[in-house]
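Fold and contact review
As a plain string of letters, each chain reads:
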2 protein chains.
Amino acid sequence: MENMMESLPNMRLTTQRQIILEELGKVTCHPTANEVYDMVRKRLPRIGLGTVYRNLELLADSGVILKLEVGGTQKRFDATVDPHYHIRCSACGKVDDIDIPLQEHINQAATAASSYKVLGHHIEFSGFCHSCLAKKPD
Amino acid sequence: MENMMESLPNMRLTTQRQIILEELGKVTCHPTANEVYDMVRKRLPRIGLGTVYRNLELLADSGVILKLEVGGTQKRFDATVDPHYHIRCSACGKVDDIDIPLQEHINQAATAASSYKVLGHHIEFSGFCHSCLAKKPD
DNA sequence: TTATGTGCAAAACATTTGCAGGAGT
DNA sequence: ACTCCTGCAAATGTTTTGCACATAA
């Protein structure tokens, strides 16, 4: 944890920052800013929602965490920064990791198929999660 | 156009609906609701933004158009409904189609790699568009 | 004629920001 | 000390919604 922060010269190690990072690291799914706020508030009841947003943004900009621009109305955050794909439950909106090989080759295909300078890609699967399937089987 | 609407028993063919569909069909990129509003307003100056949102939502629910849940803060809309991928300019946010083969096989991989019932996937490439590259070459 | 759609304005969300006081280095 | 950071609240931006009137079928 402290190693993470030590690599960030312009960022102070505040209690708020530390606890946000700890709580995000505890979960395997990818919470929204508001969900992080709820998690953190159990330990720091006086923290402001603005502080949570500011820190998540700052940590994402520094590459310590990942900001996921997935479907749904809210951004989500991921403590794991190495490239991987995601799946989103069409019923409840939950987002989890999908551990399949990176499809690096499609970047070349995309470069050939467009006038853009292609930098990368993200794959988002959709489906129904275990607990939503249990509620309404089909 | 009317064919499209005829297949939708519960939807009336209103002027607003028709013009929204026409304007969306004219562009190859994928405008936000507000951009559609601006396009449509040139022909129907008294149309309300709420009407645009309601119709885009309704048309997407009926499968006549596609609602894109891509990166950025706004949803975008696509007159082409058959499956294809997109690229988003990291500088200006513009979204275009990317015409590469569908990667159907990764759905199986995702099914094997998770406890979800996998339904499909979407790939979003990121990069810089032609006009942003021209402005700031690197 | 009557259910559906529209314009308008207000409400509901998600996120960002200004500021005065607080805390890390 | 000197920044940077925080809590709070207000502002912003996007999307949804309630309602009285209009209109397609």
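Looking at an unreviewed UniProt entry, one finds chain A named Fur family transcriptional regulator, ferric uptake regulator and attributed to Desulfopila aestuarii DSM 18488. Looking at the Sequence similarities (unreviewed entry) heading of the UniProt record, one finds this comment for chain A: "Belongs to the Fur family."

Looking now at the relation of the copies chain B and chain A. Structural alignment of chain B on chain A gives an RMSD of 0.1 Å, achieved by rotating through 180° and translating 0.0 Å along the axis. Given the turn and translation reported, the copies of this chain are related as if by a two-fold rotation axis. If distances are taken from each C-alpha of chain B to the rotation axis, the shortest is found for Ile 123 of chain B, at 2.3 Å. Interface overlap between copies is the fraction of interface residues in one copy that are interface residues in the other; for chain B against chain A it reaches 100%, indicating a shared surface.

Moving on, we get to the protein's contact with DNA strand C. For DNA strand C, the set of nearby residues contains 21 residues, the closest of which are Tyr 53 of chain A together with Arg 12, Arg 17, Arg 46 and Thr 51 of chain B. In the environment of DNA strand C, a base nitrogen lies 3.2 Å from a nitrogen or oxygen atom belonging to the side chain of Arg 54 of chain B. At 3.3 Å from a phosphate oxygen of DNA strand C is found a side-chain nitrogen or oxygen belonging to Asn 55 of chain B. Put simply, the parts of the chain that give the surface near DNA strand C at least two residues each are helix H4 (49-61) of chain A together with helix H2 (15-26) and helix H4 (49-61) of chain B. Counting residues per element, the surface near DNA strand C draws most heavily on H4 of chain A, which supplies four residues. Partitioned by chemical class, the residues of the surface near DNA strand C number five nonpolar, nine polar and seven charged.

A separate point is the nonpolar core. The tendency in soluble globular proteins is for nonpolar side chains to be buried side by side. Ranked by size, the top nonpolar core spans 26 residues in total, and within it Phe 125 of chain A together with Phe 125 of chain B carry the most contacts. The set of elements that each furnish at least two residues to this core consists of strand E3 (85-89), helix H5 (105-113) and strand E5 (117-128) of chain A together with strand E3 (85-89), helix H5 (105-113) and strand E5 (117-128) of chain B. Dropping the residues within four chain positions of it, Phe 125 of chain B is found in contact with Ile 106, Asn 107, Ala 110, Val 118, Gly 120 and His 121 of chain A together with Tyr 85, His 86, Ile 87, Arg 88, Ile 98 and Ile 100 of chain B. Of all hydrophobic cores here, the second largest spans 18 residues; its members include Leu 21, Val 36, Val 52 and Val 64 of chain A.

This part takes up the domain arrangement of chain A. Residue and element names in this part refer to chain A. Here chain A is partitioned into domain 1 (2-78) and domain 2 (85-135). Domain 1 and domain 2 are separated by 23 Å when their C-alpha centres are compared. Every contact between the two is made by nine residues of domain 1 and, on the other side, nine residues of domain 2. When domain 1 packs against domain 2, close to 670 Å² is buried across both sides, 52% of that on carbon and sulfur atoms. Contact with domain 2 buries area across many residues of domain 1, yet His 30, Val 70 and Arg 76 alone supply 50% of it, more than any other trio. Inspection of the domain 1/domain 2 interface yields zero salt bridges. In this assembly, domain 1 and domain 2 are joined by six residue pairs in polar contact (both at pLDDT 80 or more). Its residues placed into classes, the side of domain 1 that touches domain 2 shows three nonpolar, four polar and two charged.

All right, on to the UniProt feature "binding site: Fe cation" (unreviewed entry) in chain A then. When the UniProt feature table is mapped onto this chain numbering, "binding site: Fe cation" (unreviewed entry) sits at Glu 104 and His 121 of chain A. The largest pairwise C-alpha distance within this set of annotated residues, which runs over 18 residues, is 8.7 Å, so the set is compact in three dimensions. Structurally, His 121 of chain A can be placed in strand E5. Ignoring anything within four residues of it in the chain, the contact list for His 121 of chain A reads Tyr 85, Gln 103, Ile 106 and Asn 107 of chain A together with Ile 123, Glu 124 and Phe 125 of chain B. Within polar-contact distance, the side chain of His 121 of chain A engages the side chain of Tyr 85 of chain A at 2.7 Å.

On to the pairing of strand E4 (residues 95-98) of chain B, then. All names here are of chain B. Both E3 and E4 contribute to a ladder of four bridges, which runs antiparallel. Counterpart to Tyr 85 in the pairing with E4 is Ile 98. With antiparallel pairing between neighbouring strands as the criterion, E3 and E4 make up a hairpin whose turn holds five residues, including Gly 93 at a positive phi of roughly 85°.

For the rest of this paragraph, the subject is the environment of Val 70 of chain A. Residues and elements named next belong to chain A. For Val 70, the position within the fold is in the loop between strand E1 (66-68) and strand E2 (76-78). Its relative accessible area of 6% is what places Val 70 among the buried residues. Separated by 23 residues in the primary sequence, Val 70 and Gly 93 place their C-alpha atoms 9.9 Å from one another.

On to the UniProt feature "binding site: Zn(2+)" (unreviewed entry) in chain A. On the UniProt side, "binding site: Zn(2+)" (unreviewed entry) is annotated at positions that read Cys 89, Cys 92, Cys 129 and Cys 132 of chain A here. Annotated residues spanning 44 residues; largest pairwise C-alpha distance 8.1 Å, indicating a single compact cluster. Along the polypeptide, Cys 89 of chain A turns up in strand E3. Residue Cys 89 of chain A is classed as buried on the basis of its relative accessible area of 0%. Sequence-distant contacts of Cys 89 of chain A, that is, excluding residues within four places in its chain, are made with Lys 94, Gly 127, Phe 128, Cys 129 and Cys 132 of chain A together with Tyr 116 of chain B. As for its placement among the helices and strands, Cys 132 of chain A is situated in helix H6 (residues 130-135). Contact partners of Cys 132 of chain A, with chain neighbours within four places excluded, come to Cys 89, Ala 91 and Cys 92 of chain A.

About the cut-offs
- Residues numbered from 1 in each chain as written.
- Chains lettered and ligands numbered in written order.
- Predicted model: local features only at pLDDT ≥ 70, side-chain atom pairs only at ≥ 80, totals over all residues.
- Heavy atoms only, no water.
- UniProt positions renumbered as here; feature names shortened; annotations may be inferred.
- Least-squares fit on C-alpha atoms with pLDDT ≥ 70 in both.
- Contact = heavy atoms within 4.5 Å.
- Near = heavy atom within 4 Å.
- Polar contact = N/O pair within 3.5 Å; in protein donor to acceptor, adjacent residues only side chain to side chain.
- Helix = DSSP H or I, 4+ residues; strand = E, 2+ residues; numbered from the N terminus.
- Nonpolar A, V, L, I, M, F, W, Y, C, P; charged D, E, K, R; others polar.
- Core = buried A, V, L, I, M, F, W, Y, C linked by side-chain atoms within 4.5 Å.
- Buried < 20%, exposed > 50% of the residue type's maximum accessible area, 1.4 Å probe, protein only.
- Domains from an automatic or database assignment.
- Buried area = accessible area lost by both parts, 1.4 Å probe.
- Salt bridge = Lys/Arg side-chain N within 4 Å of Asp/Glu carboxyl O.
- Pairing = 2+ DSSP bridges.

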